Amino acid sequence: MCGINARQARQLLEAAPTDSLPMTYQQLAEALGLTPPRTIQQVAQALEALMREDAEQGRPFIAALVVSRRGNLPAPGFFELAVALDRFPVDPSRHAEAYHEEFQRALAARGRR
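Rules and cut-offs
- Residues numbered from 1 in each chain as written.
- Predicted model: local features only at pLDDT ≥ 70, side-chain atom pairs only at ≥ 80, totals over all residues.
- Heavy atoms only, no water.
- Helix = DSSP H or I, 4+ residues; strand = E, 2+ residues; numbered from the N terminus.
- Contact = heavy atoms within 4.5 Å.
- Core = buried A, V, L, I, M, F, W, Y, C linked by side-chain atoms within 4.5 Å.
- Buried < 20%, exposed > 50% of the residue type's maximum accessible area, 1.4 Å probe, protein only.
- Phe/Tyr/Trp six-rings, centres within 6.5 Å; stacked < 30°, edge-to-face > 60°.
- Lys NZ or Arg CZ within 6 Å of the ring centre and 35° of its normal.
- Salt bridge = Lys/Arg side-chain N within 4 Å of Asp/Glu carboxyl O.

Colleague: Looking at this model, I keep getting lost on the side chain of Asp 54. Mind explaining?
Modeller: Mapping Asp 54 onto the fold places it in helix α3 (residues 39–57). Residue contacts for Asp 54: discarding those within four places in its chain leaves Arg 10, Arg 59, Pro 60, Phe 61, Ile 62 and Arg 87.

Colleague: Could you clarify how one ought to interpret the nonpolar core in this entry?
Modeller: For soluble globular proteins, nonpolar side chains are generally found buried alongside one another. By size, the foremost hydrophobic cluster in this structure holds 34 residues, and its most contacted members are Leu 47 and Phe 78. Secondary structure elements with two or more residues in this core: α1 (4–15), α2 (25–31), α3, β2 (66–67), α4 (76–84) and α5 (95–109).

Colleague: Looking at this model, I keep getting lost on the packing of aromatic side chains. Mind explaining?
Modeller: The geometry of an aromatic ring pair comes down to the distance between the two centres and the angle between the two planes. As enumerated under the stated definition, the model contains eight aromatic pairs in all. Ring centres of Phe 61 and Phe 78 lie 6.1 Å apart, and the angle between their planes is 80°; on these two criteria the pair is classed as edge-to-face. Of this pair, Phe 61 sits in the loop between α3 and β2 while Phe 78 sits in helix α4, placing them 17 residues apart in sequence. With respect to class, Phe 61 is no different from Phe 78; both count as buried. Between Phe 78 and Phe 79, the ring centres sit 5.3 Å apart and the planes meet at 90°, which makes this aromatic pair edge-to-face. Over the ring of Phe 61 we find Arg 87, and its NZ or CZ is 4.2 Å from the ring centre.

Colleague: I'm lost on the pattern of salt bridges in this one. Help?
Modeller: As a working rule, side chains carrying opposite charge can pair if their charged atoms are close by. One pass over the full model with this rule turns up six salt bridges. The residue Arg 59 makes a salt bridge to Asp 54 at a minimum N-O spacing of 3.0 Å. Ionic pairing is found between Arg 87 and Glu 102, a salt bridge with its closest N-O pair at 3.2 Å. Residue Arg 87 is found in the loop between α4 and α5, and its partner Glu 102 is found in helix α5; the two are separated by 15 residues along the sequence. On the accessibility criterion, Glu 102 (1% relative accessible area) is buried. What you see here is one network of salt bridges that share partners, running through Arg 10, Glu 53, Asp 54 and Arg 59.

Colleague: Whenever I open this one, the environment of Thr 39 confuses me. Can you help?
Modeller: Mapped onto the elements, Thr 39 comes out in helix α3. The exposure class assigned to Thr 39 is buried, which follows from its relative accessible area of 12%. Distance in space between the C-alpha atoms of Thr 39 and Asn 5 is 11 Å, their sequence separation being 34 residues. Discounting chain neighbours no more than four positions away, the residues touching Thr 39 are Ala 29 and Leu 34.

Treat this as a map of the structure, not an account of what it does.
Next comes the structure, spelled out in structure tokens:
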């Protein structure tokens with residue numbers, strides 16, 4: 001089972017208006033009420049827990065709904081874990097395409113859990 005931040009993150013992402021997604025790590029940290037230090041690290045740990053949970057349940061990664069401010073893609077750790085969980089191709093040149101597909105699946109799956 002995931003921790004409190006992970007459960008809260010899932011609830012926030014599932015309830016967020018579609019036009020507010022993807023949200024940034026900072027926006028999610030603020031929505032969770034996290035305070036420094038290491039707020040982004042706490043968000044990343046919560047999202048990694050959700051990715052593991054989603055992989056176990058065969059669901060799209062709800063973590064795909066969170067991106068970095070720069071590049072509008074998740075942080076490298078998202079891709080590393082997605083590859084480790086056998087959900088994304090190993091070839092980094094295919095990660096952006098795989099991410100955009102996962103984002104659409106995660107968006108479509110919200111509320112069907």
